[in-house]
Amino acid sequence: MRRVLSGAGLAIACIALAVFLLFPLYYAVLTSFKSGSELFRVDYWPTEIDLSSYVRIWQEQPFARNILNSVLVATSVVILSLALALTAAFALGRVRFRGRKFLLYTILGVSMFPQVAVLSGLFEVIRVLGLYNNLGGLILSYMIFTLPFTVWVLTTFMRDLPVEIEEAAIMDGLSPFVIVTRVFMPLMGPAMVATGLLAFIAAWNEFLFALTFTLSNEQRTVPVAIALITGASEYELPWGNIMAASVIVTVPLIALVLAFQRRLVAGLTAGAVKG
Amino acid sequence: MAGVRLDNVTKRFGGTEVIRSIDLDIADGELLVFVGPSGCGKSTILRLIAGLEEVTSGTIWIGGKDVTHLPPARRGVSMVFQSYALYPHMDAYKNIAFGLQMSGTGGETVDQRVRRVADMLQIGGLLHRKPRELSGGQRQRVAIARAIVREPQVFLFDEPLSNLDAALRAQTRLEIARLHDELKATMIYVTHDQLEAMTLADRIVLLNAGRIEQAGQPTELYRRPATRFAAEFIGSPKMNIVPVQVEAGEAILPSGDRLQVATQRGGPADLGVRPENIALTRAGEPNALSARVLHVEELGESRIIHAALRNGTALAVRHPADSPTPRKGEEIALRPDPDRLHLFNRDGLRML
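Bear in mind that the values here come from a model prediction, so they are computed numbers and not experimental data.

Q: It is not clear to me how the pattern of salt bridges should be interpreted in this structure. Could you clarify?
A: For side chains of opposite charge, pairing can occur when their charged atoms come near one another. Residues and elements named next belong to chain B. Per the counting criterion, the structure on display carries 23 salt bridges over all chains. Between Glu151 and Arg113 there is a salt bridge whose closest N-O contact spans 3.5 Å. Residue Glu151 is found in the loop between helix H4 (136-149) and strand S7 (154-158), and its partner Arg113 is found in helix H3 (residues 107-120); the two are separated by 38 residues along the sequence. Judged by its relative accessible area of 15%, Arg113 falls in the buried class. Residues Glu298 and Arg303 are paired through a salt bridge, measuring 2.6 Å at the closest nitrogen-oxygen approach.

Here you go:
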């Protein structure tokens, strides 16, 4: 009896959690299928399937261009972050040098500043580099928040790899570069997938930098583009379009997480238990 | 192939001196075993020779060339690690071949060399397997193959058998000996197991606290230990050590018994006698010690009798299994072989 009760309790808790997490997305999907004044009626079940919002977002702004921008930026951020973090992790996790701990905590410290605090300084940097209203500026600025955690996570993993493997590689005459790319990188696959995915999501969803460092519609990434979707007049907020756009840009993330799901779990738990 | 020479090699980690000015000549083709208790510096010496650690002072020569400041790969050595240290994501073939491939050796040569070495170690059928699909013994063979394939001048083994179970350890030990015969290579082997050292070595170097305690052939260390430490480390069960007073060619035991010893010097000393050099005898014989049996250990081929002299001094005696054995509590007489007595002075150095 007790087992049945506790089972039921667990099920109820799981359902409650799922509803809490998924309801906003569900409501966005629901809203995206509505149009006109129906948008302002609260419904919990789909009453009609009107796909006109999904058609309109492509027509009224360069939405395809925005998605392409986001893909470009997020992918570049992931590739650059992982490449830099992997090499940094080798130095921080495997090479003994003075000030290593200090450096590690400095890197962590960088991620403690709120984005707003670095915004104006970063704006100057980007202007000086000539990257204003340019995707390069976004890639550069996003690494401010992706690098600290990619470096930290990969350093932790790197440190846990057995020293003997590296020593065996040294005895085999392998250069540090070959050791990192051909021996360590394959072993860190799950960790790299996990951190890469998190970096991708962070870059994909970033709003403040994207808003500040871009000017024209053609350079915007999706979060900004969606926020700046306007209606026919300034008194109209086209919720249908906004929700349709949101749903469209969420789908790739869900697909990515599902595709890498198994490796992601392996990466998040690997190293916790030996073996 | 080449010999190895250590010239006044010292290694300090921070303030602690781990290796203290060691001089050693290792001949071409010799199988030399460093043995000693944990923390004696034996693994550090191996890592210094390998180049994984840098010496604090001193010179290391391999094949007549000063390699003190050369990186490991250019010293002509290869190493087998205790934990095998195979690349987990590569199959056995790739593990063996990887170093060669990366050093730019031609594909066909690599393949020939890998297959020859794999045959030598009888792992030809396992080459496509990943390390996790191999047993401990097979992994160790792959690790040894990886060391051999580079055709080094010197092989370094860092406790290669300690992760294997007892049966496999004995078998792999034999195989390493066979490999040494076959390759005629210089091998330097580190172990904490005196049995491994005794069975494998051409020459044993016993280390204690970063110094060479004694170097010599296994039988030499066994028969004429230079120090009390060496006497106790080599041999199982351990040599019996009894504090004695030496006077006029006799050693007086704490029990009051007297044993004749061939020395003219006097004073306090430690008398050593191996369990296998003590025989049961009849009471009243010259040099017989009366004792009481405390416990008998069965080893199959022999038994170890743990006995106590009148004052409680404990002695272990190896007794052949096929002769009648006294029981616990029985009174017996023991006769140490007078030609196999060892005397050490208070500094632990051999007097006799």
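Q: I tried to follow the interface of chain A and chain B on my own but got confused; where do I start?
A: Accessible area lost during the coming together of the parts is what is often quoted as the interface size. Between chain A and chain B, the residue contacts involve 15 residues of the former and 22 residues of the latter. Between chain A and chain B the total buried area reaches about 1,600 Å² when both faces are included, carbon and sulfur atoms providing 69% of it. Counting across the chain A and chain B interface gives one salt bridge. Where chain A touches chain B, the interface holds four residue pairs in polar contact (both at pLDDT 80 or more). Mapped onto the side of chain A that touches chain B, the elements with two or more residues apiece are helix H7 (163-171) and helix H8 (176-187) of chain A. Considering every element that reaches the side of chain A that touches chain B, the biggest residue donor is H7(A), with seven residues. Of the residues that constitute the side of chain A that touches chain B, the class distribution is ten nonpolar, one polar and four charged.

Q: Could you clarify how one ought to interpret the environment of B:Ala85 in this entry?
A: For B:Ala85, the position within the fold is in the loop between strand S6 (77-80) and helix H2 (92-102). Separated by 35 residues in the primary sequence, B:Ala85 and B:Met120 place their C-alpha atoms 20 Å from one another. Here B:Ala85 is in contact with A:Glu164, A:Ile165, A:Ala168 and B:Arg146, once residues within four sequence places are set aside.

Q: Before we go on, may I ask you to explain the environment of B:Phe233 in this structure?
A: Residues and elements named next belong to chain B. If you trace the backbone, Phe233 turns up in helix H8 (residues 228-233). Accessibility expressed as a relative area gives 17% for Phe233, which makes it buried. Non-local contacts of Phe233, meaning those with residues more than four positions away in its chain, are made with Val35, Gly36, Pro37, His192, Gln194 and Leu206.

Q: Would you explain the packing of aromatic side chains in this entry?
A: Geometry of an aromatic ring pair is reported as the spacing of the ring centres plus the angle between the planes. Counted according to the given criterion, the structure contains 17 aromatic pairs over all chains. With centroids separated by 5.5 Å and ring planes inclined at 40°, the aromatic side chains of A:Tyr142 and A:Phe145 adopt a geometry described as tilted. On the criterion of helical spacing, the pair formed by A:Tyr142 and A:Phe145 is a turn pair, its members being three residues apart in helix H6 (residues 135-160). With a centroid separation of 5.8 Å and an interplanar angle of 75°, the aromatic rings of B:Tyr87 and B:Phe98 are classed as edge-to-face. Taken together, the residues B:Tyr87 in the loop between S6 and H2 and B:Phe98 in helix H2 connect sequence positions eleven residues apart. The residues B:Tyr87 and B:Phe98 share a single accessibility class, namely buried. Taken together, A:Phe123, A:Tyr132, A:Tyr142, A:Phe145, A:Phe209 and A:Phe213 form an aromatic cluster joined through their ring pairs. The side chain of B:Arg146 reaches across the aromatic face of B:Tyr87, ending 5.0 Å from its centre. Looking at B:Arg274, its charged tip hangs above the ring of B:Tyr222, at a distance of 4.2 Å from the centre.

Q: How do you make sense of a nonpolar patch on the surface when you look at a structure like this?
A: A cluster of nonpolar side chains, A:Ile15, A:Val19, A:Phe23, A:Tyr26, A:Val42, A:Tyr44 and A:Trp45, forms an exposed patch at the surface whose accessible area comes to about 760 Å². Among the secondary structure elements, A:Ile15 is positioned in helix H1 (residues 2-32).

Q: Sorry, what's going on with the domain arrangement of chain B here?
A: Residue and element names in this part refer to chain B. As far as domains go, chain B holds domain 1 (4-227) and domain 2 (237-344). Look at where the C-alpha atoms of domain 1 and domain 2 centre, and you get two points 40 Å apart. In this assembly, six residues from domain 1 lie in contact with five residues from domain 2. Summing both sides of the interface, domain 1 and domain 2 together bury roughly 410 Å²; the carbon and sulfur share of this comes to 54%. When the area that domain 1 buries against domain 2 is broken down by residue, the three leading residues are Tyr222, Arg223 and Pro225, summing to 83%. Scanning the region where domain 1 abuts domain 2 turns up zero salt bridges. In the side of domain 1 that touches domain 2, the residues fall into four nonpolar, one polar and one charged.

Basis of the calculations
- Residues numbered from 1 in each chain as written.
- Chains lettered and ligands numbered in written order.
- Predicted model: local features only at pLDDT ≥ 70, side-chain atom pairs only at ≥ 80, totals over all residues.
- Heavy atoms only, no water.
- Salt bridge = Lys/Arg side-chain N within 4 Å of Asp/Glu carboxyl O.
- Helix = DSSP H or I, 4+ residues; strand = E, 2+ residues; numbered from the N terminus.
- Buried < 20%, exposed > 50% of the residue type's maximum accessible area, 1.4 Å probe, protein only.
- Contact = heavy atoms within 4.5 Å.
- Buried area = accessible area lost by both parts, 1.4 Å probe.
- Polar contact = N/O pair within 3.5 Å; in protein donor to acceptor, adjacent residues only side chain to side chain.
- Nonpolar A, V, L, I, M, F, W, Y, C, P; charged D, E, K, R; others polar.
- Phe/Tyr/Trp six-rings, centres within 6.5 Å; stacked < 30°, edge-to-face > 60°.
- Lys NZ or Arg CZ within 6 Å of the ring centre and 35° of its normal.
- Patch = residues over 30% accessible without salt bridge, like charges linked within 9 Å, V, L, I, M, F, W, Y side chains within 5 Å.
- Areas by Shrake-Rupley, 256 points an atom, 1.4 Å probe, with all protein chains shown as cover.
- Domains from an automatic or database assignment.

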